[in-house]
Amino acid sequence: MRSPTRAAGVLTALALTLGGAVLTAPAARADIPACAQMAAQAGATASDSVTAACGRGVVGDLQSCVAGLTEAGVAGGAANGACRAAAHEPR
């Protein structure tokens, strides 16, 4: 009698764990488009280097993000703002 209860508990925990992973995974990349859009408004052309720089901003590496956007033609202040936007959760 205990075995079915334990199996149900294990399956429930597994379902909750996998469901949580699915829900949180897309959020990590959600702000790359916002960062890239801000960079484009500041004069950068949409490119893989802008996307890569914004990706570094998402993970919290703001210095590397700003450096990458600056190399792509974004002014320092605009690059800083775009990278800070990338580091925040989407609204």
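To be clear, the structure that these remarks concern was listed above.
Figured I'd write up the structure that's included with this text. In this text, all values refer to a predicted model and were calculated from it rather than measured experimentally. (Residues numbered from 1 in each chain as written. Predicted model: local features only at pLDDT ≥ 70, side-chain atom pairs only at ≥ 80, totals over all residues. Heavy atoms only, no water.)

Turning to the overall build of the chain, a few remarks are in order. The helix and strand tally for the chain stands at five helices and zero strands. Helices and strands in the chain line up, N terminus first, as α-α-α-α-α. In the chain, the share of contacts with a sequence separation of at least 24, taken over all contacts with a separation of at least 6, comes to 52%. Put simply, the chain shows about 6,000 Å² of open surface, and 62% of that area lies on carbon and sulfur atoms. (Helix = DSSP H or I, 4+ residues; strand = E, 2+ residues; numbered from the N terminus. Contact = heavy atoms within 4.5 Å. Areas by Shrake-Rupley, 256 points an atom, 1.4 Å probe, with all protein chains shown as cover.)

A separate point is helix α3 (residues 48–58). Listed in full, the buried residues belonging to α3 are V50, A53, C54, G57 and V58. Relative to the axis of α3, the buried residues are bounded by an arc of 150° and lie together on one face. Looking at the packing, one finds that the buried side of α3 touches α2 (32–41), α4 (62–71) and α5 (76–87). Following α3 by one or two positions, G60 has its phi on the positive side, about 100°. (Buried < 20%, exposed > 50% of the residue type's maximum accessible area, 1.4 Å probe, protein only. Arc of directions from axis to C-beta.)

Turning next to the environment of A34. Looking at the secondary structure, you find A34 in helix α2. When the C-alpha atoms of A34 and C54 are compared, they prove to be 8.9 Å apart, with 20 residues separating the residues in sequence.

Let us look at α5. With 12 residues, α5 should reach 16 Å at 1.5 Å per residue; the first-to-last C-alpha distance of 17 Å fits that figure. If you check which residues of α5 are buried, you get A79, A82, C83 and A86. Looking down the long axis of α5, one finds its buried residues gathered within 95° of arc, a one-sided arrangement. Looking at the packing, one finds that the buried side of α5 touches α2, α3 and α4. (Expected span 1.5 Å × (residues − 1).)

Time to look at the environment of A52. Within the secondary structure layout, A52 lies in helix α3. Along the backbone, A52 and L69 are 17 residues apart, and their C-alpha atoms lie at a distance of 9.1 Å.

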